[in-house]
Amino acid sequence: MTTAPAIGQPLDRVDGRPKVTGTARYSAEIPIPGTAYACLVGSRVASGRITGIDASSAQAEEGVLAVLTHQNLPRIAEQPPLVPSLAGTAAPGQTFFPMQDDIVHYAGQHIAIVVADTWERAQHAASLLRVSYEETPPVTTLEQGRDQAYEPERIFGGWLPGRVERGNIDAGLAEADARVEATFTYAANNHNPIEPSCTTAEWDGDELVLYDSTQGVNATQLTVARLLGTPLSKIRVIGHYVGGSFGSKAMIHDHAALAAMAAREVGRPVKLALSREQMFTSVGHREEQEQEIVLGATRDGRLTGIRHHKLSPTSHFDDWAEPSIGVASEIYACPNYQGVYRLFRANTMTPTFMRAPGEASGMLALECAMDELAQELGVEPIELRLRNYTDASPSSGHPWSSSGLRECYRRGAARFGWEGRDPRPGMRREGNWLIGTGMASAGYPVAPPANPQRARARLYADGTALVQAATPDFGTGVATVMTQVAADGLGMPVDRCRFENGDTDLPNIAAAVGSAGAGMISAAVHSAATALRNQLIARAVADANSPLHGANPVDVVVRDGVMTAGTASDSYVDLLQRNVQPDAEASGAWSPPAGDAPYAMMTFGAQFAEVAVDPEFGLVRVRRMTGAFAPGRVLNPKLARSQLMGGMLWGLGQALLEANYTHPRTGRWANASLGEYLVAVNADAPDVDVELVEVEDDIVNPLGVKGVGEVGQVGAAAAIANAVWHATGRRVRKMPITIEDLL
Amino acid sequence: MSAQSPAPLTERGQVLEERGPGPVAVTLSVNGVERSLEIEPRVSLLDALREHLDLTGAKKGCDQGTCGACTVWVDGHRVLSCLTLAMTCEGREVTTIEGLAEGDELHAVQQAFIAEDAFQCGYCTPGQIMSAAALLKEGHAGDDAEIKEWMSGNICRCAAYPHIRAAIRAVRDGA
Ligand code: FES
Ligand code: FES
């Protein structure tokens, strides 16, 4: 009997047991004797200058080891530029490092670190710092900044242009029979993974070990090395368990280097954990924004033009906007298009990636506008989307490497029971509740890393295998699926393979961001595992004592660790033992497709939601959600469904709950806690139905994996907002939709 | 007005011996084992477990009583250990996620969480499991609506909620 391929099996998580027994160690949980505790202090004002810091009472407290401020913190060696961490270079969250001078750019900006022998003492001493400021009026809201808006040349760490055009937008809108114009506003959002970021730093002479909550241990290593001027070979970063990220740990924010600096200052290991409140001011956020969208279409629903403009605040240092026009500019055939970002400088830290960065907000605008267009033209919403379906990227003209979008509409609609829906709003009532349904398209770009990705595979003579790559697993399930990929690559049962990860001493992997993790890591692991298999086969056929001696290597197949050609067979274990060899090892590398490949790459899906609205209380309850997605090859359907489900429920939060606001006068976040920044809780979350539409894709990467981390969120909020309209007849264009919008 | 209204505020409770503010000797019984520690009275049960006893299963998600990641049992009742002072647990039995399994044999809720994929990053998971096991014992898992309500003090940012409910149902139904 031979085992079935491990890829595609709904295997339980390999790290399940440590996680449910509490033995999994996250970066604040590394027991290092003598560890001191660092407490960060944030600026109380949002704009101005520090005129004095009186640290005397803090310093006098028992157990206090150091108080570091701009007056005594060493200067950084160099400020690396802001580049998304997928690039595999240093990736600071912003091109500003705190405590280098007395200027305050935003509320919560780190202005001091207090280090003490216990956490309580560090916290208490931090509260005793007396800081005086010279305040200037802050700018944080859209209304305050609108007049100073400018059009940036490039955004997103220089990766994307500030303006995208094709065809002639004015002509396209002029020839339209129907037009929809809508302006959407979005509150700022915060990631709030349940594990607050933490870095534990330990120096041994001039060598540094960091335990870091990060999406990329290499990104931490590269960034801290540049900031501190420390050779890469002397920095090791470990992140075995990371308690969620959603983009908050995708870029390397200043606390990682500050932990190392503090540890050097006090000559002890230092643990620097952000408080929940500091998670709102230290790791970036999804910016508050406004999007104006104009759609023009022919009477039969063919888009003739899309104009999509966005306005949002950015920091004093960087031109950052999440790329909201991206997928929304690509998903439908439309010859005339214009997308423009406008930014204004505000008293904020540089915003950052947050799950489906740009795709979630941009597709909300487009898909709500499409719903209005469907209503105006009297075309069924799915039919309207099908009429604008495209097999190729409308900007480059290159065909999709794979799509599956039509199948997603079809299967999603069938599972949801969409057919026969009465398109008129406000027609369904159950008791006090108005019932509505809505749908939307989903899309997420496939973004390959910029440089080659590597992994290593080792087979021991006892028939067990170890496969290694640097990537952390922050909840994506990568450790589980890579065990499956390794098993198939080697031709071994999955329970004899172990995947080791989360350590810069292992072969490089770029930060797992942009849903690129599964694709790029599986490519590297597959390459290492098959290289080792080929090496062992080559050895067997050359080994005079092997039954396979002289066989043609291409005729050899491997199952369960046994190499077979015709009737002859030899096992990995026999081969190694016979040759008195304790193990065999191979490395593998995968280079992403060149940027000029004649294909466009995107993951598609379709979202459906049913809501109940109580019009007297303005309450919205999402009763059920269905999503159908085409993520290429599915490595593990159980884990893929969980990721997609999580994304869809993030869409629920985006539509109905998540909002952070700054106070226009103080410039401070008004609700920086999990009590006041609402995220979905169990009672908010309906059952979620996820349909996987497998599509073959031999372009994106060797295993044809397109990723499931983010596409689940795209379109989910739009489906809910469209369902709210269908229930009530009200188009709410402000996210999140709250009670007062429906009264 | 509920039948058992609290004692009037003017009435004095039991007067405890004054200790602190410096480190004092505290004895805690955690997962059936007596542990002695020297801590300041202001140390929370959560920090006593994580920073002094190296029991890091209970998680710190907010330190403000809003996320549930720090949920442990004191005398069998669910408490938020971040809002509980360690000293006040003297003479009581503290149970953490590390004490839930019987040796190598996982608790039914732990097994069900793995089988139903009721977590992703795992950081909320110890708290979810301590809440779930307690509410099953208390009979608060009658239907999904009840589970939803009683489990809403434990935030899962990975949003594994439907699977958390499935795990609780599976244990309830002996599946
Ligand atoms: S850490 Fe105690 S409730 Fe969040
Ligand atoms: S599993 Fe990540 S927060 Fe619940």
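Residues numbered from 1 in each chain as written. Chains lettered and ligands numbered in written order. Predicted model: local features only at pLDDT ≥ 70, side-chain atom pairs only at ≥ 80, totals over all residues. Heavy atoms only, no water.

As annotated in an unreviewed UniProt entry, chain B is (2Fe-2S)-binding protein from Streptomyces albiflavescens. Its UniProt record gives chain B the following Pathway (unreviewed entry) comment, quoted word for word: "Alkaloid degradation; nicotine degradation." (UniProt positions renumbered as here; feature names shortened; annotations may be inferred.)

Looking at an unreviewed UniProt entry, one finds chain A named Carbon-monoxide dehydrogenase large subunit and attributed to Streptomyces albiflavescens.

Draft legend 1. Geometry of the overall build of chain A. In terms of regular secondary structure, chain A is built from 17 helices and 30 strands. By principal-axis analysis of the C-alpha atoms, chain A measures approximately 80 × 75 × 50 Å. In chain A, which comprises 743 residues, the share counted as buried stands at 64%. The contacts of chain A with a sequence gap of at least 6 include a subset with a gap of at least 24, amounting to 81%. Summing over all exposed atoms, chain A offers an accessible surface of approximately 24800 Å²; the carbon and sulfur share of this is 49%. A gap of 2 Å separates the mean positions of the 62 positive and 83 negative side-chain charges of chain A. (Helix = DSSP H or I, 4+ residues; strand = E, 2+ residues; numbered from the N terminus. Buried < 20%, exposed > 50% of the residue type's maximum accessible area, 1.4 Å probe, protein only. Contact = heavy atoms within 4.5 Å. Areas by Shrake-Rupley, 256 points an atom, 1.4 Å probe, with all protein chains shown as cover. Lys, Arg positive; Asp, Glu negative; His and termini not counted. Charge placed at Lys NZ, Arg CZ, Asp CG, Glu CD.)

Draft legend 2. The packing of aromatic side chains, seen in detail. Evaluation of the coordinates by the stated rule reveals 13 aromatic pairs over all chains. The interplanar angle of 85° and the centroid separation of 5.3 Å between the aromatic rings of W320 of chain A and F353 of chain A together place this pair among those described as edge-to-face. Of the two residues, W320 of chain A is situated in the loop between β16 (303-314) and α8 (326-330) and F353 of chain A in the loop between β17 (337-345) and α9 (359-377); the sequence distance between them amounts to 33 residues. Of the two residues examined, W320 of chain A and F353 of chain A, each falls in the buried class. In this structure an aromatic cluster arises from ring pairing among Y26 and Y241 of chain A together with Y123 of chain B. Stacked on the ring of W650 of chain A, the Lys or Arg R355 of chain A has its end atom at 5.4 Å from the ring centre. (Phe/Tyr/Trp six-rings, centres within 6.5 Å; stacked < 30°, edge-to-face > 60°. Lys NZ or Arg CZ within 6 Å of the ring centre and 35° of its normal.)

Draft legend 3. Quick peek at the environment of I147 of chain B. All names here are of chain B. For I147, the position within the fold is in helix α4 (residues 144-150). Spatially, the C-alpha atoms of I147 and V79 are 18 Å apart, while their sequence positions differ by 68 residues. Beyond its immediate stretch of four places on either side in the chain, I147 contacts H140, A141, R165, I168, R169 and R172.

Draft legend 4. Highlighting the sheet that holds strand β20 (residues 453-460) of chain A. Residues and elements named next belong to chain A. Read from one edge to the other, the open sheet built from 4 strands follows the order β22-β21-β20-β26, with strand pairing classed as mixed. Only two strands of the sheet have a single neighbouring strand rather than two, namely β22 (497-500) and β26 (583-590). Neighbour-to-neighbour, the strand axes of this sheet turn through a mean angle of 20°, independent of strand direction. Pairing between β20 and β26: 8 bridges, direction antiparallel. Following the sheet pairing, L459 is matched in β26 by A584. Here helix α12 (residues 478-490) sits on the sheet in contact with β21 (465-468) and β22, set at roughly 130° to β22. (Pairing = 2+ DSSP bridges. Axes fitted to C-alpha atoms, helices over the stretch in contact; angles between N-to-C directions.)

Draft legend 5. Broad picture of the domain arrangement of chain B. All names here are of chain B. By domain assignment, chain B separates into domain 1 (24-99) and domain 2 (108-172). Taking the mean C-alpha position of each, domain 1 and domain 2 sit 21 Å from one another. Each side of the interface is counted separately: domain 1 has 16 residues, and domain 2 has 15 residues. Linking domain 1 with domain 2 are 1 salt bridge, by the criterion used here. (Domains from an automatic or database assignment. Salt bridge = Lys/Arg side-chain N within 4 Å of Asp/Glu carboxyl O.)

Draft legend 6. Spotlight on the packing of helix α2 (residues 108-115) of chain B against helix α3 (residues 125-138) of chain B. Residues and elements named next belong to chain B. Relative orientation of the contacting elements α2 and α3 amounts to 125°, with a least axis distance of 9 Å. Classified by the angle between their axes, α2 and α3 sit oblique to one another. Remark: the crossing between α2 and α3 carries right-handed chirality. Across from V109, Q110 and F113 in α2, the residues of α3 making contact are T125, Q128, I129, A132, A133 and L136. The residue makeup of the contact of α2 with α3, split by class, is 6 nonpolar, 3 polar and no charged. (Parallel < 35°, antiparallel > 145°, perpendicular 65-115°, else oblique. Left-handed = near helix turned anticlockwise from the far one by under 90°. Nonpolar A, V, L, I, M, F, W, Y, C, P; charged D, E, K, R; others polar.)

Draft legend 7. Focus on the nonpolar core. Among the nonpolar cores identified, the biggest contains 243 residues, and L295, L366, M625 and I720 of chain A together with F113 of chain B are the most heavily contacted of them. Beyond its immediate sequence surroundings of up to four residues, L295 of chain A is in contact with L173, A178, R179, V180, L303, G305, I306, L366, A369, M370 and L373 of chain A. If you look at the next biggest cluster of nonpolar residues, it comprises 23 residues, including Y37, V64, A126 and L128 of chain A. (Core = buried A, V, L, I, M, F, W, Y, C linked by side-chain atoms within 4.5 Å.)

Draft legend 8. Seen up close, the interface of chain B and chain A. The interface is formed by 53 residues belonging to chain B together with 57 residues belonging to chain A. Between chain B and chain A, a total of about 4500 Å² is buried, with carbon and sulfur atoms accounting for 52% of that surface. Looking only at chain B, the three residues that lose the most surface to chain A are Q120, C121 and R157 of chain B, adding up to 18% of its buried area. Connecting chain B to chain A are 8 salt bridges. Here D54 of chain B makes a salt bridge to R25 of chain A, at a shortest N to O gap of 2.8 Å. (Buried area = accessible area lost by both parts, 1.4 Å probe.)

Draft legend 9. Structural view of the side chain of D212 of chain A. Residues and elements named next belong to chain A. Its place among the elements puts D212 in strand β12 (residues 207-212). Of note is the side chain of D212, whose polar atom sits 2.8 Å from the side chain of T199. The contacts of D212, once residues within four sequence positions are left out, are S27, C198, T199, T220, V237, I238, G239, V242 and A256. (Polar contact = N/O pair within 3.5 Å; in protein donor to acceptor, adjacent residues only side chain to side chain.)

Draft legend 10. Structural view of the packing of α3 of chain B against helix α5 (residues 161-172) of chain B. All names here are of chain B. The contact between α3 and α5 brings their axes to 11 Å, and the two run at 35°. Judged by the sense of rotation from one axis to the other, the crossing of α3 with α5 is right-handed. Touching Q128, A132 and L136 of α3 are I164, I168, V171 and R172, all from α5. Within the contact of α3 with α5, the residues separate by chemical class into 5 nonpolar, 1 polar and 1 charged.

Draft legend 11. Region of interest: the pattern of salt bridges. All names here are of chain A. The tally for this structure, following the rule as stated, stands at 56 salt bridges over all chains. Notably, a salt bridge pairs R623 with E610, separated by 3.0 Å at the nearest N-O pair. Remark: E610 occurs in strand β27 (residues 602-614) and R623 occurs in strand β28 (residues 619-630); sequence separation between them is 13 residues. One network of salt bridges, in which partners are shared, links E407, R410, R411, R415, D689 and E691.

Draft legend 12. Examining helix α16 (residues 716-728) of chain A more closely. All names here are of chain A. Over its 13 residues, α16 runs 18 Å from end to end, which matches the ideal 18 Å to within 8%, given 1.5 Å per residue. With 12 of 13 residues buried, α16 lies mostly within the body of the structure. Within the sequence span of α16, burial applies to A716, A717, A718, A719, I720, A721, N722, A723, V724, W725, H726 and A727. Downstream of α16 by a residue or two, G729 has a phi angle that is positive, lying close to 80°. (Expected span 1.5 Å × (residues − 1).)

Draft legend 13. Geometry of the sheet that holds strand β2 (residues 33-39) of chain B. All names here are of chain B. The strand order β2-β1-β5-β3-β4 describes an open sheet built from 5 strands, whose pairing is mixed. Each of the sheet's edge strands pairs with one partner strand only, and the pair in question is β2 and β4 (77-80). Within the sheet, the average angular offset between the axes of one strand and its neighbour, ignoring direction, is 40°. Looking at chain direction, strand β1 (residues 24-30) and strand β5 (residues 93-95) are connected through 2 bridges and run parallel. When the sheet's bridge partners are listed, S29 is paired in β5 with E93. Sheet contacts for α3: β3 (71-74), β4 and β5; angle to β3, the most-contacted strand, approximately 45°.

Draft legend 14. Local environment of the confidence of the model for chain B. Residue and element names in this part refer to chain B. Across chain B, the average pLDDT comes to 93, with 91% of residues at 70 or higher. Low pLDDT (under 50) marks residues 1-6, which in the prediction has 0 contacts with non-local residues, meaning those over four places away or in another chain. Here the predicted complex scores 0.97 on pTM and 0.97 on ipTM. (pLDDT = per-residue confidence, 0-100.)

Draft legend 15. Here's a closer look at the pairing of strand β15 (residues 289-297) of chain A. Residues and elements named next belong to chain A. With 8 of 9 residues buried, β15 lies mostly within the body of the structure. Pairing of strand β10 (residues 178-186) with β15 involves 9 bridges; the strand directions are antiparallel. Paired with E181 across the bridge in β15 is V294. In terms of strand pairing, β15 meets β16 through 8 bridges, oriented antiparallel. Bridging across to β16, I293 finds its partner in H308.

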